[in-house]
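Given next are the chains, with one letter for each unit.
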Amino acid sequence: MERIKKYWYRHLAEYLGVTVGTFIMAIGINIFLEPNTIAPGGVTGLGIVLQKITNGLVTVWATNLVVNIPLFIAGVMILGKSFGVKTLYGTFILSFFLWLIPETNATQDLLLSSVFGGVILGAGLGIVFKAGGTTGGTDLAGAIMNRFFPGLSTATHMMIVDMIVVVSAGLVNKRIDLPLYSVIALYILVKVIDIILEGISYAKAFFIISDHPEAIGKTILEQLDRGVTILKGKGLYSGLDKDVLLCVVNRAQMAKVKEIVSQVDKKAFIMITDMHEVLGEGFKEMKTE
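This is a predicted model, so every value here is computed, not measured.

A. Here's a closer look at the overall build of the chain. Scanning the chain from N- to C-terminus turns up ten helices and four strands. Along the chain, helices and strands appear, N-terminal first, in the series α-α-α-α-α-α-α-α-β-α-β-β-α-β. Residues classed as buried in the chain amount to 39% of the 289 residues present. A fraction of 74% describes how many contacts in the chain between residues 6 or more apart in sequence connect residues 24 or more apart. As presented, the chain carries roughly 16500 Å² of accessible surface, and 65% of it is formed by carbon and sulfur atoms.

See below:
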């Protein structure tokens with residue numbers, strides 16, 4: 001009984017996430033992007049272009065339905081039923097919010113519109129993706145095209161479709177700056193999606209190669225209370241076995257780790273990389289179903 005409750009709670013939370021995400025997407029489109037003909041790719045971007053060409057006769061929400069429903073049917077027929085009900089739900093609920101939210105121009109500044117439109121649209125899409133849903137669009141079109149033209153990856157097909165939409169935004173207004181602003185919005189929304197899905201990098205991983213690995217590891221354990229793992233490596237040039245220390249710390253401890261390594265071995269080789277998500281003791285706890 002408890003497992004059934006968890007199952008329904010999880011699915012309810014996922015559909016709530018898709019609903020909230022599409023609502024945020026509609027705000028970004030109707031208030032920042034569409035009024036300024038900034039089309040950052042995708043089916044909604046195509047809808048913005050068509051709405052401009054037809055002087056409002058063809059709306060963004062209608063284009064989203066007319067294009068995505070056949071895409072969904074084609075996806076099921078060509079790729080199988082892996083896209084699920086949530087994709088169809090995301091398509092309908094996004095069109096509903098695009099219809100519901102009035103189109104108002106928050107600012108006529110194209111740079112502000114592309115930046116804030118990209119941030120809001122990316123945040124909404126990120127929430128939808130995090131909830132396990134999609135809104136169809138170029139990701140589905142790219143997967144279908146990849147089946148017929150396997151020489152190019154799905155991501156490449158998606159980029160081609162997005163760039164066609166972006167260029168179209170400039171052609172309909174005969175302005176070169178609109179595609180450029182559309183590219184800015186597209187870049188920003190992709191980065192925001194990454195932040196939503198992967199989180200802001202708050203942790204750093206250190207790979208330390210030194211002739212005194214035990215001394216460095218012991219000092220880090222004592223002074224920072226952080227675990228250190230010894231990885232076995234071998235220098236290709238020298239042919240000598242080397243111990244490589246792996247240690248993950250938060251941002252505030254970065255400077256201290258470098259100070260410890262410098263004090264023990266000034267000739268140590270250090271590599272530092274971002275960690276988008278760290279699960280386990282001392283960091284974020286893992287969720288169990």
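B. A look at the UniProt feature "transmembrane region" (unreviewed entry) in the chain. UniProt feature "transmembrane region" (unreviewed entry): in the numbering of this structure it lies at residues 12-33, 53-80, 87-104, 110-129, 149-172 and 178-197. Along residues 178-197 the backbone is 100% helical and 0% strand, and the end-to-end C-alpha distance reaches 29 Å.

C. How the structure looks around the pattern of salt bridges. Scanning the entire structure with this criterion turns up four salt bridges. Lys 204 serves as the salt-bridge partner of Asp 274, at 2.2 Å between the closest nitrogen and oxygen. Of the two residues, Asp 274 sits in strand β4 (residues 269-275) while Lys 204 sits in strand β1 (residues 203-209), which places them 70 residues apart along the sequence. Judged by relative accessible area, which is 40%, Asp 274 ranks as partly exposed.

D. Here's a closer look at the sheet that holds β4. Spatial strand order, β2-β3-β1-β4: four strands in an open sheet with antiparallel pairing. Looking at strand neighbours, the two that pair on one side only are β2 (229-234) and β4, the edges of this open sheet. In this sheet, neighbouring strand axes are inclined to one another by 25 degrees on average, regardless of whether the strands run parallel or antiparallel. By the bridge criterion, six bridges tie β2 to strand β3 (residues 241-250) in an arrangement that is antiparallel. If you follow Lys 232 over to β3, its bridge partner there is Asp 243. Across the sheet, helix α9 (residues 213-224) lies against β1 and β3, angled at about 15 degrees from β3, the strand it touches most. Its contacts with the sheet place helix α10 (residues 254-264) against β1, β3 and β4, and it is angled at close to 10 degrees to β1.

E. Representation of the packing of helix α5 (residues 110-130) against helix α8 (residues 177-198) within the structure. Put simply, α5 and α8 touch, their axes get as near as 7 Å, and they point 35 degrees apart. In the crossing of α5 with α8, the sense of the turn from one axis to the other is right-handed. Looking at the contact of α5 with α8 residue by residue, the classes come out as 19 nonpolar, four polar and two charged.

F. Representation of the environment of Val 20 in the model. Summarising the element assignment, Val 20 is placed in helix α1 (residues 2-33). Val 20 sits 74 residues away from Leu 94 along the chain, and the two C-alpha atoms are 9.8 Å apart.

Conventions used here
Residues numbered from 1 in each chain as written. Predicted model: local features only at pLDDT ≥ 70, side-chain atom pairs only at ≥ 80, totals over all residues. Heavy atoms only, no water. Helix = DSSP H or I, 4+ residues; strand = E, 2+ residues; numbered from the N terminus. Buried < 20%, exposed > 50% of the residue type's maximum accessible area, 1.4 Å probe, protein only. Contact = heavy atoms within 4.5 Å. Areas by Shrake-Rupley, 256 points an atom, 1.4 Å probe, with all protein chains shown as cover. UniProt positions renumbered as here; feature names shortened; annotations may be inferred. Salt bridge = Lys/Arg side-chain N within 4 Å of Asp/Glu carboxyl O. Pairing = 2+ DSSP bridges. Axes fitted to C-alpha atoms, helices over the stretch in contact; angles between N-to-C directions. Left-handed = near helix turned anticlockwise from the far one by under 90°. Nonpolar A, V, L, I, M, F, W, Y, C, P; charged D, E, K, R; others polar.

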